[in-house]
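Single-letter residue listing:
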Amino acid sequence: MEQEKVIEEIENILEVSRVGVMSTISGDKPNSRYMIFYNDGHTLYTKTSKDTLKVDEIEKNPNTHVLLGYEETSNDSFLEVDGKVEIVEDQETLDHLWENQDKTYFDSKDDPDFIVLKIEPESIKVMNDKENLDTPAETVDFTK
């Protein structure tokens, strides 16, 4: 699959998929949980509370792996995103995400525990693309 088509498929999946699995590292083992994601281009955002295990894990090791897609896509394709997580607390980002996301888990954007996790992808791999089953998974490297 040519690079432009891979990027187009990545963007299509990011457009329709919101619920995914985010994995962090706890000690030397993965720790996964469902999260609701929003994107700006290829950058992912998700909200969380300051007082969570995942925040402790991210502070120790910012590497993450996210699975996003499959059920929402027309061809069962999904993304594997490898990236780095940044904890964001600036009011502009909090306001933007609050206005563009569901309002679950927090009563207000002014909740002192409300923070955003920003995931900058290092690579995104398109998986299970039934339209291209004869080709291996396609990866876009975002570190270049």
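Residues numbered from 1 in each chain as written. Predicted model: local features only at pLDDT ≥ 70, side-chain atom pairs only at ≥ 80, totals over all residues. Heavy atoms only, no water.

Per an unreviewed UniProt entry, the chain carries the name General stress protein 26 and comes from Salinicoccus halitifaciens.

Peer 1: Would you explain the overall build of the chain in this entry?
Peer 2: Looking only at helices and strands, one finds three helices and eight strands in the chain. Ordered by position from the N terminus, the helices and strands of the chain form the series α-β-β-β-β-α-β-β-α-β-β. At 16 Å, the chain has a C-alpha radius of gyration in line with the 15 Å of a compact globule built from 144 residues. By principal-axis analysis of the C-alpha atoms, the chain measures approximately 50 × 35 × 30 Å. The burial tally for the chain puts 42% of its 144 residues in the buried class. Contacts in the chain between residues at least 24 apart in sequence constitute 63% of all its contacts with a sequence separation of at least 6. Only carbon and sulfur atoms are counted for the fraction: they give 45% of the accessible area of the chain, which is about 8200 Å². Between the centroid of the 15 positive side chains of the chain and the centroid of its 35 negative side chains there is a distance of 4 Å. (Helix = DSSP H or I, 4+ residues; strand = E, 2+ residues; numbered from the N terminus. Rg over C-alpha atoms; globule rule 2.2 N^0.38 Å. Buried < 20%, exposed > 50% of the residue type's maximum accessible area, 1.4 Å probe, protein only. Contact = heavy atoms within 4.5 Å. Areas by Shrake-Rupley, 256 points an atom, 1.4 Å probe, with all protein chains shown as cover. Lys, Arg positive; Asp, Glu negative; His and termini not counted. Charge placed at Lys NZ, Arg CZ, Asp CG, Glu CD.)

Peer 1: Looking at this structure, I do not really get the pairing of strand S7 (residues 114-127). What am I missing?
Peer 2: Looking down a regular strand, the side chains alternate between one sheet face and the other. Pairing of strand S4 (residues 43-49) with S7, which is carried by six bridges, proceeds in the antiparallel orientation. Directly across from Lys-47, in S7, lies its bridge partner Val-116. Note: strand S6 (residues 78-88) against S7, 11 bridges, orientation antiparallel. Residue pairing across strands places Gly-83 opposite Pro-121, the latter belonging to S7. (Pairing = 2+ DSSP bridges.)

Peer 1: Teacher, can you tell me more about the layout of surface pockets here?
Peer 2: Sizing a probe to match a water molecule and rolling it over the atoms shows the empty space that remains. Computed from the structure, the largest pocket encloses a volume of approximately 230 Å³. When contributions to the lining of the largest pocket are tallied by element, the ones reaching two or more residues are strand S3 (38-40) and helix H3 (91-99). By residue number, the principal contributor to the lining of the largest pocket is H3, which donates four residues. If you add up the space inside the second largest pocket, you get close to 180 Å³. Elements with a minimum of two residues in the lining of the second largest pocket: strand S1 (19-26) and strand S5 (63-69). Looking at side-chain class alone, the lining of the second largest pocket contains seven nonpolar, two polar and two charged residues. (1 Å grid on protein atoms, 1.4 Å probe; cavity = no way out; pocket = protein on both sides within 12 Å on 5 of 7 lines; lining within 4 Å. Points joined across faces, edges and corners; volume = space filled by probe spheres on them. Nonpolar A, V, L, I, M, F, W, Y, C, P; charged D, E, K, R; others polar.)

Peer 1: Whenever I open this one, the side chain of Ser-17 confuses me. Can you help?
Peer 2: Structurally, Ser-17 can be placed in the loop between helix H1 (3-16) and S1. Ser-17 has contacts with Phe-37, Leu-68, Gly-69, Glu-72 and Thr-73, leaving out every residue within four places of it along the chain.

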